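Each chain is listed here by its residues.
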Amino acid sequence: MTDRSGFDGFVHARGSALARTAYLLTGDHHLAEDLVQAALVQAAKHWERIHTSPEAYVRRAMYHQNISWWRRRKLAESPLESYDAPVPAADPTLRLTLEQALRRLTPRQRTVLVLRYFEDLTEVQTAAALGISGGAVKSMTRQALQRLRVLAPELADLVGADA
């Protein structure tokens, strides 16, 4: 993993998956592109020292950068409504409902749900990725799911009745 072609190959192979996750984290196409780019710049700087999974390194960089952005930015931004986001759902109506509901969550709640249910990380892995306690992950997950139930009752099958 020490050569430029290795980095280029990684970006080519995993760029789309990273962009999907970044969109789910940010809820905005342009911020997602910025997030992926920032994480890849960091990875490129340290590429020769990344001896384990480069994807794990880049994803962790994305999570940390996204957290930094929440802490610095308190602007009321609204994402483009027309963007066809890569939220995985076979039913287009369900996908749009899920996207709209995710946009209405706080950035922290959205990030925890993306890591737990889209990235399929455990509570411990999510806590480690975000630099918070496992209890905070459980609490934010519970609050986010409760809020989703209120914002989009039609997602009850996805959210669950008592989760």
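Residues numbered from 1 in each chain as written. Predicted model: local features only at pLDDT ≥ 70, side-chain atom pairs only at ≥ 80, totals over all residues. Heavy atoms only, no water.

Visitor: Would you mind showing me how to read the confidence of the model for the protein chain here?
Guide: Should pLDDT be low for a region, the predicted coordinates there are not to be read in detail. Per-residue pLDDT for the protein chain averages 82, and the proportion of residues at 70 or more is 82%. For the protein chain, per-element mean pLDDT is lowest for helix 8 (residues 156-159), which scores 68, and highest for helix 2 (residues 29-45), which scores 93. This model gives residues 74-78 a pLDDT under 50, and the stretch forms 1 contact once residues within four places in sequence are excluded. With pLDDT under 50 throughout, residues 80-85 is counted as low confidence; its partners more than four residues away or in other chains account for 11 contacts. (pLDDT = per-residue confidence, 0-100. Helix = DSSP H or I, 4+ residues; strand = E, 2+ residues; numbered from the N terminus. Contact = heavy atoms within 4.5 Å.)

Visitor: Mind showing me how you'd approach the side chain of E55 here?
Guide: For E55, the position within the fold is in helix 3 (residues 54-72). Overall, the relative accessible area of 17% leaves E55 in the buried class. At 2.7 Å, the side chain of E55 forms a polar contact with the side chain of R14. Among the polar contacts made by the side chain of E55, one reaches the side chain of R59 at a distance of 2.8 Å. The residues touching E55, leaving out its near neighbours within four places in the chain, are F10 and R14. (Buried < 20%, exposed > 50% of the residue type's maximum accessible area, 1.4 Å probe, protein only. Polar contact = N/O pair within 3.5 Å; in protein donor to acceptor, adjacent residues only side chain to side chain.)

Visitor: What should I look at first to understand the packing of aromatic side chains in this one?
Guide: For any pair of aromatic rings, the description rests on two quantities: the centre-to-centre distance and the angle between the ring planes. Enumeration according to the criterion identifies 2 aromatic pairs in this entry. A centroid spacing of 5.7 Å and a plane angle of 40° characterise the contact between F10 and W47, whose relative ring orientation is tilted. Here the residue F10 occupies a position in helix 1 (residues 4-26), and W47 occupies one in the loop between helix 2 and helix 3, the gap between them amounting to 37 residues. W47 shares its class with F10; the two are buried. Of the aromatic side chains, those joined through ring pairs into one cluster are F7, F10 and W47. (Phe/Tyr/Trp six-rings, centres within 6.5 Å; stacked < 30°, edge-to-face > 60°.)

Visitor: Got a minute to help me understand helix 2 in this structure?
Guide: Spacing of three or four residues puts side chains on the same side of an α-helix, whose turn is 3.6 residues. Between its first and last C-alpha atoms helix 2 spans 25 Å; for 17 residues at 1.5 Å apiece the expected length is 24 Å, and the two agree. Residues of helix 2 that are buried include every one of L31, A32, L35, V36, A39, L40 and A43, and no others. Considered in projection along helix 2, the buried side chains sweep an arc of 170° and stay on one side of the axis. Turned more than 90 degrees away from the buried face of helix 2, the exposed residues are Q37 and K45. Structurally, the start of helix 2 carries an N-cap: the backbone nitrogen of H30 is 3.0 Å from a side-chain oxygen of D28. (Expected span 1.5 Å × (residues − 1). Arc of directions from axis to C-beta.)

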